[in-house]
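# A structural walkthrough
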Amino acid sequence: MNEAVRADEARYVMQTYKRAGVEFVRGEGALLFDDEGREYVDFLGGISVASVGHCHPKVVEAIRSQSAELLHVSNLFYTAPMVELAKRLSETSLGGKVFFCNSGTEANECAIKIARKHARSRGVEKPEIVSFEGDFHGRSYGSLSATPGLAANPDFAPMLPGFRSVPFDDASALREAIGPDTAAVLIEPIQGEAGVFPLSDETLLAARQACDESGALLIFDEVQTGIGRTGSLWAYEQGPVRPDVMTTAKALGGGTAIGACIGNRQTGEVLTAGDHGSTFAAGPVASGAALAVLDLVDDPAMLRRIRSLGDRLMESLSGLDQVAEVRGRGMMIGVRLAEGIDAGAVNANLLERGLVANAPRPDSLRFLPPFVLTDEQAEQALSLIAEALAGYHPVESK
Ligand SMILES: *Cc1c(COP(=O)(O)O)cnc(C)c1O
């Protein structure tokens, strides 16, 4: 890659990311191209953002036409794309009002505010929000406080008060943690950043029941699982319970920055004038892009394709000798490698071979391919994965 870019990044960009040594300059569908013209199959999709594929013509056209008309006026005025998007999000999910923001982190901040104000209205003085160990909800102080793995970092103490966590997928620990002071249970239906770990139906049912009994809100962070990723528009649709509040971002804007917190008929009424805001949120360009994304994804044929292709990928991956476990749903896939195989090294090897993925934990790879992945690209990716793993001889039996 261009050494001047590498050097300037090191000199001028705060070193919060350990980047792979590739500079991408172009994307098309499920393919990426680097500055030397090399082609890659993208099995990460910009971390579940490029779900309709890179530079989808309908998304590009929505951005192009809207950006020539009006880029920004703020939320002090009406803009039709924003209102249309709120209607689409509400009617395809919980049926209540929507708050817009610019990221997943911010969507969760809004959900936390709703939970605390809702608890206050019930007379709860010290509202508490319960999450699972391994959950990822974001990087600003509210969402960070709800992210147990990062909240423990003493460099950034103190966290916000009123957050606690219980062991992952432990229904009885969750039930015990929920009481009269619980404002909300804030959880990912399938943990993404942790490495793709679906919650069991038993735990989801326990969460719903305990929230109903205590008056707490059940909040699903669908920032990664939403927008078709699991084969339904929202992951909760395939599970046994419905949340009271839901957050989305990542794939929503097709590559533009937009997030949303969606309420039901009750929770959508909690925040009122002055309670929350955002200068950029749901500007006409991002809203137009999001409407184009929803047109593409909220389509039975597309959702069927996500499920069938996802199933095929998971089945093929399960058949590899060096794969110990395949987790996930739809095209959100985590692969635990056999004992002793370093996922980070395999991931680096995959990148050299022309497959973009990531290794969220030392034993697992994560695949979040664009939904427009063709059968041929899927086969190509599977061959590259098999080749990258071929040098390893598993010691673990399945
Ligand atoms: C990525 C992610 C977030 C944070 O979203 P940002 O847009 O990076 O702020 C929050 N929750 C989940 C589940 C995520 O995957």
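Residues numbered from 1 in each chain as written. Predicted model: local features only at pLDDT ≥ 70, side-chain atom pairs only at ≥ 80, totals over all residues. Heavy atoms only, no water.

### Overview of the domain arrangement of the protein chain
Basically, it comes down to this: For each domain, the first and last residues come from an automatic or database assignment. The quantity reported as buried area is the accessible area (1.4 Å probe) lost by two parts once they are put together, taken as the sum for both. Any Lys or Arg side-chain nitrogen located within 4 Å of an Asp or Glu carboxyl oxygen qualifies as a salt bridge. Helix numbers and strand numbers start at the N terminus; a helix is a DSSP run of H or I with at least 4 residues, a strand a run of E with at least 2. Ten residue types, Ala, Val, Leu, Ile, Met, Phe, Trp, Tyr, Cys and Pro, are classed as nonpolar, four, Asp, Glu, Lys and Arg, as charged, and the remainder, Gly among them, as polar.
Taken as a whole, the protein chain is organised into domain 1 (3-56 + 300-389) and domain 2 (59-297). Across the interface of domain 1 and domain 2, roughly 2,400 Å² is buried in total on both sides, 61% from carbon and sulfur atoms. Taken together, the links from domain 1 to domain 2 amount to one salt bridge. Between arginine 366 and glutamate 193 there is a salt bridge; the shortest N-O distance is 2.8 Å. Of all the secondary structure elements, the ones that give two or more residues to the side of domain 1 that touches domain 2 are helix 2 (45-48), helix 11 (300-318), strand 13 (323-329), strand 14 (332-337) and strand 16 (358-361). Broken down by element, the residue count for the side of domain 1 that touches domain 2 peaks at four residues, all from helix 11. Looking at the side of domain 1 that touches domain 2 residue by residue, the classes come out as 14 nonpolar, six polar and five charged.

### Here's the deal with helix 4 (residues 80-91)
Note the following rule: Every helix has an expected span of 1.5 Å times one less than the residues it contains. Only protein chains enter the area calculation, which uses a 1.4 Å probe; residues under 20% of their type maximum are buried, those over 50% are exposed, and those in between are partly exposed. Arc, as used here, means the arc of the directions from the helix axis to the C-beta atoms. Note on contacts: a residue pair is in contact if any heavy atoms of the two residues lie within 4.5 Å.
Compared with the 16 Å implied by 1.5 Å per residue over twelve residues, the 16 Å span of helix 4 between its first and last C-alpha is a close match. Considered for burial, the residues of helix 4 that qualify are Pro81, Met82, Leu85, Ala86, Leu89 and Ser90. What you see down the axis of helix 4 is that its buried residues fit within an arc of 160°, all on one side. Relative to its buried face, helix 4 has exposed residues pointing more than 90 degrees away, namely Ala80 and Glu91. The inward-facing, buried residues of helix 4 contact helix 3 (57-69), strand 4 (98-101), strand 12 (259-263) and helix 10 (284-297).

### Notes on the pairing of strand 12
Formally: At least two DSSP bridges between two strands are needed for those strands to be called paired.
The element strand 12 is largely enclosed, with a buried count of five among its five residues. Of the two faces of strand 12, both are covered, the one formed by Gly259, Cys261 and Gly263 as well as the one formed by Ala260 and Ile262. Strand direction decides the pairing type here: strand 4 and strand 12, joined by four bridges, are antiparallel. Bridging from a neighbouring strand, cysteine 101 pairs with glycine 259 of strand 12. Where strand 11 (residues 245-248) meets strand 12, four bridges bridge the pair, whose relative direction is antiparallel. In the strand pairing of strand 12, threonine 247 is matched with cysteine 261.

### Details of the site of the ligand
Here is the rule we go by: Only a single heavy atom is needed: when it lies within 4 Å of a molecule or strand, its residue is near that molecule or strand. Definition of a polar contact: a pair of N or O atoms within 3.5 Å, with one able to donate and the other able to accept a hydrogen when the atoms are protein atoms, and with sequence-neighbouring residues admitted only if both atoms are side-chain atoms. In these tables, accessible area is a Shrake-Rupley quantity obtained with a 1.4 Å probe, and a residue counts as shielded only by the protein chains included in the view.
The full set of residues close to the ligand is Ser103, Gly104, Thr105, Asn108, Phe136, His137, Glu188, Asp221, Val223, Gln224 and Lys250. Phenylalanine 136 is positioned such that a nitrogen or oxygen atom in its backbone is 3.2 Å from a nitrogen atom of the ligand. Protein burial of the ligand: of its 380 Å² of free accessible surface, 82% is covered by the chains. With three residues, the top contributor of residues to the shell around the ligand is helix 5 (residues 104-121). Looking at the shell around the ligand residue by residue, the class counts come to two nonpolar, six polar and three charged.

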